[in-house]
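Listed below are the residues making up each chain.
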Amino acid sequence: MSDKKILLGQTLGFKADPFEESFDNATDYNSDGGLYIVDGLIADLGDRSDLLSRYPDVPNFDYKDYLLTAGLIDTHAHYPQTRIIASWGARLIEWLNTYTFPEEEKFGDREYANQTAGFYLDTLLQNGVTSTSSFCTIHPESVDAIFESAEQRGMRIIAGKTCMDRNAPPGLLDTPRSAYDDSRELIARWHEKGRLSYAISPRFAPTSTAEQLEALGSLWKEYPNCLMQTHLSEQLEEISWVGELFPDSKDYLEVYEQFSLLGERGLYGHGIHLSDSELDRIREVDGRLIHCPTSNMFIGSGLFRLCERKTAGFNTGLATDTGGGSSFSMFRVMAAAYEVSQLCGYSLHPSQLYWLATVGNAKSLHLENTIGNFQIGMEADIIALDLYSTEVISQRAKCSDNIWDTLFPTIMMGNEKAIKDVWVYGEKVKTYNSS
Ligand SMILES: [Zn+2]
């Protein structure tokens with residue numbers, strides 16, 4: 001028998017990209033709406049009264065003035081860095097050596113990996129984040145741990161074994177052969193199993209030899225519907241290091257290009273200091289640039305020019321980059337994107353911020369027909385937001401006369417207290433505020 005339910009409340013989705021259409025035309029808002037859910041999928045949506053009369057015997061959950069939106073999506077994270085988030089005082093290379101690598105060495109221990117993966121995914125849900133694309137460590141156990149934990153929670157996630165065969169401690173090195181073999185085995189075990197999918201994941205050019213990048217490029221050719229995630233042009237010191245390690249490449253991007261690691265299903269974290277030529281080559285293949293503003297400020301990497309990239313036609317994602325990013329909350333990330341954009345001379349509208357964290361991120365992951373919006377046939381990952389979750393937010397939101405002005409204080413100042421309930425594939429999960 002089918003599992004049917006109706007969720008009622010204010011509903012907010014998108015009809016178009018608010019970077020391309022006017023904010024009003026892009027917004028799909030209903031002040032008294034609802035969603036009809038059958039077996040984890042959105043089967044109908046519209047006005048409260050219409051849904052109640054069309055499906056009279058279906059149980060309903062009435063959120064009244066709470067705002068229902070698609071679950072938030074994180075397009076770049078490192079779950080093994082959960083326990084070192086907010087570690088003080090280092091720039092990128094020093095950060096990796098001081099904090100990241102010693103912590104990642106622990107993930108050969110399956111029990112430790114399980115505990116961290118479970119805690120990480122529960123933390124995401126507390127923050128209304130229902131999907132993520134995460135790097136793991138070089139240990140296949142770390143990949144099994146997060147996929148099993150996601151499967152238990154019914155979440156749609158993407159993850160992959162982080163491959164490194166140089167410039168890291170001996171305990172964190174694989175080889176070109178083992179990176180290829182392990183990744184291939186993990187793809188067979190997890191890719192497209194239920195809601196899970198695999199991303200081939202070389203950490204970044206400095207920690208892979210040419211041979212390893214070549215092996216992973218070949219693997220991507222064998223499995224072209226896998227995503228490929230890596231880092232690109234995050235800090236100036238990193239870029240000069242790449243120049244020393246790959247003296248025959250004309251720039252950072254060419255290192256990936258020459259090993260067939262540039263493509264439409266490629267996710268390139270950061271991409272702050274790219275030349276015009278590099279930008280042109282990424283745009284030509286529709287590669288995804290992933291903006292991680294909390295991380296860029298925390299590690300002092302620089303200002304990503306989001307508006308210029310969007311205007312130039314890039315598909316751009318928005319992400320926490322935890323633990324380099326200092327929060328698991330996509331509200332904090334949206335707020336940081338707003339602030340970074342202000343420094344670049346452009347005020348992002350709340351509809352643009354929220355679109356990026358939902359539809360835009362689903363698009364970056366090639367999942368725009370599956371998650372990130374309210375449309376018939378899409379998976380029912382839904383959050384119920386309290387737009388008055390603290391006194392300060394409440395007094396500001398109450399002075400607003402449209403949904404975007406009402407939501408903006410939560411974007412800028414909200415935390416997990418604003419997440420009333422989370423639904424994953426049509427099932428309610430326990431969170432911070434749920435009863
Ligand atoms: Zn990262």
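Rules and cut-offs
- Residues numbered from 1 in each chain as written.
- Predicted model: local features only at pLDDT ≥ 70, side-chain atom pairs only at ≥ 80, totals over all residues.
- Heavy atoms only, no water.
- Core = buried A, V, L, I, M, F, W, Y, C linked by side-chain atoms within 4.5 Å.
- Buried < 20%, exposed > 50% of the residue type's maximum accessible area, 1.4 Å probe, protein only.
- Helix = DSSP H or I, 4+ residues; strand = E, 2+ residues; numbered from the N terminus.
- Domains from an automatic or database assignment.
- Contact = heavy atoms within 4.5 Å.
- Polar contact = N/O pair within 3.5 Å; in protein donor to acceptor, adjacent residues only side chain to side chain.
- Donors = N, O, S within 2.8 Å, 3.2 Å for Na, K, Ca; no water.
- Tetrahedral: all angles 85-135°; square planar, octahedral: opposite > 155°, others 65-115°.

Trainee: When you look at the nonpolar core in this model, what are you seeing that I'm missing?
Mentor: Nonpolar side chains tend toward joint burial in soluble globular proteins. Residues Met334 and Tyr354 are the most contacted members of the largest nonpolar core, which totals 100 residues. In terms of residue count, helix H4 (residues 110-126) provides more of this core than any other element does, seven residues in total. Viewed by domain, this core spans two of them, domain 1 (4-71 + 373-429) and domain 2 (72-364), each represented by three or more residues. Contacts of Tyr354, omitting those with residues within four sequence positions, involve Phe14, Thr69, Leu72, Phe331, Met334, Ile383, Leu385, Trp404, Leu407 and Ile411.

Trainee: Is there a simple way to think about the environment of Asn30 in this case?
Mentor: Relative to the elements of secondary structure, Asn30 occurs in strand S2 (residues 27-38). Through-space distance from the C-alpha of Asn30 to that of Thr11 is 5.2 Å; in sequence the pair is 19 residues apart. Ignoring sequence-local partners within four residues, the contact set of Asn30 consists of Gly9, Gln10, Thr11, Gly46 and Asp47. Polar contacts involving the side chain of Asn30 include one to the main-chain carbonyl oxygen of Gly46, which spans 3.5 Å.

Trainee: Hey, could you run me through the coordination of the zinc ion in this one?
Mentor: In an ideal octahedron of six donors the angles at the metal are 90 or 180 degrees, and in an ideal tetrahedron of four donors they are 109.5 degrees. Summarising the metal site, the zinc ion is bound by the protein donors His76 (NE2), His78 (NE2), His231 (NE2) and Asp321 (OD), whose distances to it range over 2.1 to 2.2 Å. Seen from the zinc ion, its four donor atoms lie at angles of 91 to 168°, and the figure they make is irregular. Each donor residue of the zinc ion belongs to the same chain, with the gaps between them written as H-x1-H-x152-H-x89-D. Remark: Asp321 occurs in the loop between strand S13 (316-318) and helix H13 (330-343) and His78 occurs in strand S5 (residues 72-78); sequence separation between them is 243 residues. The two residues His78 and Asp321 agree in class, both being buried.

Remember that the coordinates give geometry; whether it matters functionally is a separate question.
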